[in-house]
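# Topology and contacts: notes
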Amino acid sequence: MYHYLSRLVVYRNIEKDSILFQLAEIVEQWEKQKADREETVNRLYEQVNRLLEVATRYGFDGNLWQNYLAYLLAMTETPFGLVCEKRGAAEGSVNVFAKADFEIFRQLFHYDFSRLEKELEIDCFSVITDYHSVAKAEKYYNKSVSDRVRELSRRIAAAVDREEVFSVVTEFYQEYGVGLFGLNKAFRLQEEDGKQVLVPITNTEEVCLDDLIGYEEQKNKLVENTRAFVEGRKANNVLLYGDAGTGKSTSIKAILNEYYKDGLRMIEIYKHQFSELAGLISRIKNRNYKFIIYMDDLSFEEFEIEYKYLKAVIEGGLEIKPDNVLIYATSNRRHLIRETWSDRSDISKDELHRSDTMQEKLSLVARFGISICFLSPNQKQFFGIVKGLAEKYPELTLSEEELLLKANAWEISHGGKSGRTAQQFITYLLGKQE
């Protein structure tokens, strides 16, 4: 197996700690009699365990070995793959190396583990190449990633030669992309070994705009701007502000689900990470996707200066923000930065022109081209939300009069009228069903 991998060119940057390379090394050492049976079996089981973890994380089934190899091809970013992502297969000398690599993968797809199993008296590879997984709820894995990788695996396994594998993989790259951005729709920045890296969020909430009852004008504004963005037209950064529990964050999650198939991706970033914004944008600006940088519950205290990083990124630096990046933020504050009475006076022992400071702070809001207000519903609107949510659950058999009476009592003792309160009330009712 190892002699296959030593001939890779385009995909030579696959990590040496990967399951593929570790298995190849173990098999080579056994074949060259550089390891005894017990050691070899133990090391093989370690890699099989890693393979099962990958299969569980991505919902793989059937031939886990082939699923894993397809996953490697889908996730490994190479200059070849990035070009295919933008324009598909193109003529060029690199195709010679790529096709040679695909022939190696085709042979690995059909690697015969039976001799190894017989010599070591094990059967783990027979199990993982015909694996029947335990059914899992979709919230535990990203179903879209699982479906796409398993389909890629099936097509490669059926390919008769390197030419067909080349066509299958390059078509996959052009349709879905390559690497993390190609298969996942949401990400967060996370510190690893002292560096901020992008980590996929694999269990995003499958909510759609219809799940948010009411707020039609607000949703339409958000949809119009986002549709223009994914279609390559001019679009604005968006601030969704207003009362808590009114659906601001839900609307943005729904927008991601609606336009993911059109190449929209979302990166969630927190206030303490704003100094990383410039580097993050530099990483994503040349990819063939549209990115929304999402900031939830955004606000700044008087002493915080992180807003300066955000202002510089939105508008004002020498390097303009790329066309494939927008910023969507939610906040309970209209002006994002808390004001004090001293902000509104030029008379201050701390600063001669205090109002200039206030204007600097307030100018952050002006850099969001669109501001959308979400206010708490009145009584009629709140009842409309309750009824709309209740209609989705036939098991709720309360009369309308009884439903609204209970809803009114619930909101009085649970934080007032809001979409969140209505959903919590419906959840409460469902929990009482036998």
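Scroll up for the structure.
The sections below set out a description of the structure shown in this document. What you see is a predicted model; the values in this text were computed from it and never measured. (Residues numbered from 1 in each chain as written. Predicted model: local features only at pLDDT ≥ 70, side-chain atom pairs only at ≥ 80, totals over all residues. Heavy atoms only, no water.)

Next up on the list: helix 13 (residues 248-259). Along an α-helix, residues three or four apart share an orientation, since each turn contains 3.6 residues. With twelve residues, helix 13 extends 17 Å between its outermost C-alpha atoms, agreeing within 8% with the 16 Å of an ideal straight helix rising 1.5 Å per residue. Along helix 13, nine of the twelve residues are buried, which leaves the element largely enclosed by surrounding structure. Lys248, Ser249, Ser251, Ile252, Ala254, Ile255, Leu256, Asn257 and Tyr259 are the residues of helix 13 that are buried. (Helix = DSSP H or I, 4+ residues; strand = E, 2+ residues; numbered from the N terminus. Expected span 1.5 Å × (residues − 1). Buried < 20%, exposed > 50% of the residue type's maximum accessible area, 1.4 Å probe, protein only.)

What follows concerns the pattern of salt bridges. If you walk through the whole model with that rule in mind, you get 18 salt bridges. Across the salt bridge formed by Glu400 and Lys387, the nearest N and O atoms sit 3.6 Å from each other. You can see Glu400 sitting in helix 18 (residues 400-413) and its partner Lys387 sitting in helix 17 (residues 379-390), a full 13 residues away along the chain. On the accessibility criterion, Lys387 (29% relative accessible area) is partly exposed. Shared partners join several salt bridges into a network, and the residues in it are Glu31, Arg115 and Glu119. (Salt bridge = Lys/Arg side-chain N within 4 Å of Asp/Glu carboxyl O.)

In regular strands, side chains alternate between the two faces of the sheet. Taken across its five residues, strand 3 (residues 238-242) has five buried, putting it largely inside the fold. Of the two faces of strand 3, the one lined by Val238, Leu240 and Gly242 and the one lined by Leu239 and Tyr241 are each fully buried. In this sheet, strand 6 (residues 325-331) lies alongside strand 3 in parallel orientation, the contact comprising four bridges. The residue of strand 6 that forms the bridge with Leu239 is Ala329. With five bridges connecting them, strand 3 and strand 7 (residues 370-374) associate as parallel partners. Among the inter-strand pairings, Val238 is bridged to a residue of strand 7, identified as Ile370. (Pairing = 2+ DSSP bridges.)

All right, on to the sheet that holds strand 4 (residues 264-268) then. Strands sit in the order 2-1-4-5-6-3-7 across an open sheet of seven strands; the sheet is mixed. Bordering the open sheet on either side are strand 2 (195-200) and strand 7, each of which pairs with just one other strand. Across this sheet, the average inter-strand angle for adjacent strands is 25 degrees, counted without regard to direction. In this fold helix 13 packs onto strand 1 (186-192), strand 3, strand 4, strand 5 (290-295), strand 6 and strand 7, with an angle of close to 145 degrees to the strand it touches most, strand 4. (Axes fitted to C-alpha atoms, helices over the stretch in contact; angles between N-to-C directions. Contact = heavy atoms within 4.5 Å.)

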